[in-house]
Amino acid sequence: MKSIIWSAVWRTCIFALLVFAVVWHQMWITGSTVVAIALLVWLIYVAQYEKQTCYVPTGTLKLAVEGESFAGAIPNLSGTGFHFDKKTGNILQGDEKDFPHPMNFYGIYLVSLKYPLRQLHVWPIDYGKEPEKEDALYTSTLPLFHTCKILVEGVELADGSKINALVNVTFRTVNPALAVFAHGGKFVTLGTASVKGVVADFGRDKTYEKFTSLDKEGEDSGFSMYVKKINDDVGGMAGLEKAYGIVVHKAEFESFSLAEASPEEQAALTAVRVAKSHADAAVEKAREITTLATAEANALEQMLEKALAKTGGMEAYQTRIIGDSIANFKGGALSIGNGGLPFAVAASKPTA
């Protein structure tokens, strides 16, 4: 209904303008002026219907097709630091104003005068998941940047813990034709699946304690750099850029929480944590024993050095060692010999 009303309004305006021009053109409006004004009104009128002309919001592109084949892009990337390169078909770094770009007349871009032989391409909007309704919404606008929140559920850590992680990811379009035509415009869904996989890999070798202590905030964090690894080819497998025509431009870890576990999983996780606690305690006890033994050895070494430095000190040192051995002996008998007169000392029996 709105389109019908707008059509009637515009047609009325054009007709009134032409009538006015015909009546008064002898006085102050020439024939060429009438044609120019009529053409301008016509361009503005048809731009809203995206036929011969169209509007292109800043930071986006429109894609033209001839039949069902990609015929070119109509970009408006001014101020984004990127531009569309016709030779490669990719969006490259470098502001649009410094490179050849489509001309526009007060924000109106020319699609083609050959409509419908050449027209704008439309495709279903990709929300990162299947639409709830069968009749999905369609669009003809491809954003340079697409930011979305991705919930990664059930990320299993090294100690058996499971967490749900919420990640903010900004995808950047690199190859518009590959992103839209090769995969039916499902580049967000495909990119989201890849991000979920790499987040799961990020937590696989980390315990819950280590995961909580890691630096995960900011574009230069270890987490962000790890996620961006999926942009490039690895081991013969194509990265996001070659596979889907997009890259992860920015990835930020927003929050996470422990995932709910079944009773069996909770029991197993508790057993793992108890075992780890016992192991940590045993290691700490071993450190204490090692520290004590080291201190005693250092004390004996100092005593020996003093004994050697004094006349007759060595005999006193030996006498002390023998005395300590007898005091700490718990057996039935102690025999001391090796060159001297052997003797035995009977251990005292405990009294009833």
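Everything discussed here concerns the structure shown above.
What comes next concerns the included structure. (Residues numbered from 1 in each chain as written. Predicted model: local features only at pLDDT ≥ 70, side-chain atom pairs only at ≥ 80, totals over all residues. Heavy atoms only, no water.)

### Quick notes on the overall build of the protein chain
For step 1, the next point in the chain: Of the regular secondary structure elements, the protein chain holds 9 helices and 16 strands.
For step 2, the next point in the chain: Looking at the protein chain as a whole, 30% of its 352 residues qualify as buried.
For step 3, the next point in the chain: Approximately 22,500 Å² of the protein chain is accessible, and the part contributed by carbon and sulfur atoms is 60%. (Helix = DSSP H or I, 4+ residues; strand = E, 2+ residues; numbered from the N terminus. Buried < 20%, exposed > 50% of the residue type's maximum accessible area, 1.4 Å probe, protein only. Areas by Shrake-Rupley, 256 points an atom, 1.4 Å probe, with all protein chains shown as cover.)

### A few points about the packing of aromatic side chains
For step 1, the next point in the chain: Considering all chains together, one arrives at 10 aromatic pairs under this definition.
For step 2, the next point in the chain: Through a chain of ring-to-ring contacts, three or more aromatic side chains come together here, namely Phe 202, Tyr 208, Phe 211, Phe 223, Tyr 226, Phe 253 and Phe 256.
For step 3, the next point in the chain: It is Lys 206 that lies over the ring of Phe 202; its NZ or CZ is 4.3 Å from the centre. (Phe/Tyr/Trp six-rings, centres within 6.5 Å; stacked < 30°, edge-to-face > 60°. Lys NZ or Arg CZ within 6 Å of the ring centre and 35° of its normal.)

### Quick notes on unusual backbone geometry
For step 1, the next point in the chain: In this model, Tyr 115 is joined to Pro 116 through a cis peptide bond whose omega is 5°.
For step 2, the next point in the chain: Relative to the helices and strands, Pro 116 resides in the loop between strand E7 (108-110) and strand E8 (118-120).

### Quick word on the pattern of salt bridges
For step 1, the next point in the chain: Inspection of the entire model under this criterion finds 6 salt bridges.
For step 2, the next point in the chain: Here Asp 233 ties to Lys 242 by a salt bridge, and the two come within 3.0 Å at their closest N and O atoms.
For step 3, the next point in the chain: Residue Asp 233 is classed as partly exposed on the basis of its relative accessible area, which comes to 38%.
For step 4, the next point in the chain: Each member of the salt-bridge network shares a partner with another, and the members are Glu 66, Lys 114 and Arg 118. (Salt bridge = Lys/Arg side-chain N within 4 Å of Asp/Glu carboxyl O.)

### With respect to the environment of Lys 86
For step 1, the next point in the chain: Mapped onto the elements of the fold, Lys 86 is located in the loop between strand E4 (82-85) and strand E5 (90-93).
For step 2, the next point in the chain: Taking the relative accessible area as the measure of exposure, Lys 86 reaches 71% and is therefore exposed.
For step 3, the next point in the chain: Separated by 15 residues in sequence, Lys 86 and His 101 have C-alpha atoms that sit 9.2 Å apart.

### Section: the sheet that holds strand E12 (residues 145-156)
For step 1, the next point in the chain: Reading across from one edge, E12-E13-E14 is the order of the 3 strands in this open sheet, with antiparallel pairing throughout. Edge strands, defined here as strands with exactly one partner in the open sheet, are E12 and strand E14 (246-258). Across this sheet, the average inter-strand angle for adjacent strands is 20°, counted without regard to direction.
For step 2, the next point in the chain: Examined bridge by bridge, E12 and strand E13 (residues 162-173) share 10 bridges and lie antiparallel to one another. By the bridge assignment, Val 152 is partnered in E13 with Ala 165.
For step 3, the next point in the chain: Strands in contact with helix H4 (residues 187-204) are E12, E13 and E14; relative to E12, the strand with the most contacts, it is inclined by about 40°. (Pairing = 2+ DSSP bridges. Axes fitted to C-alpha atoms, helices over the stretch in contact; angles between N-to-C directions. Contact = heavy atoms within 4.5 Å.)

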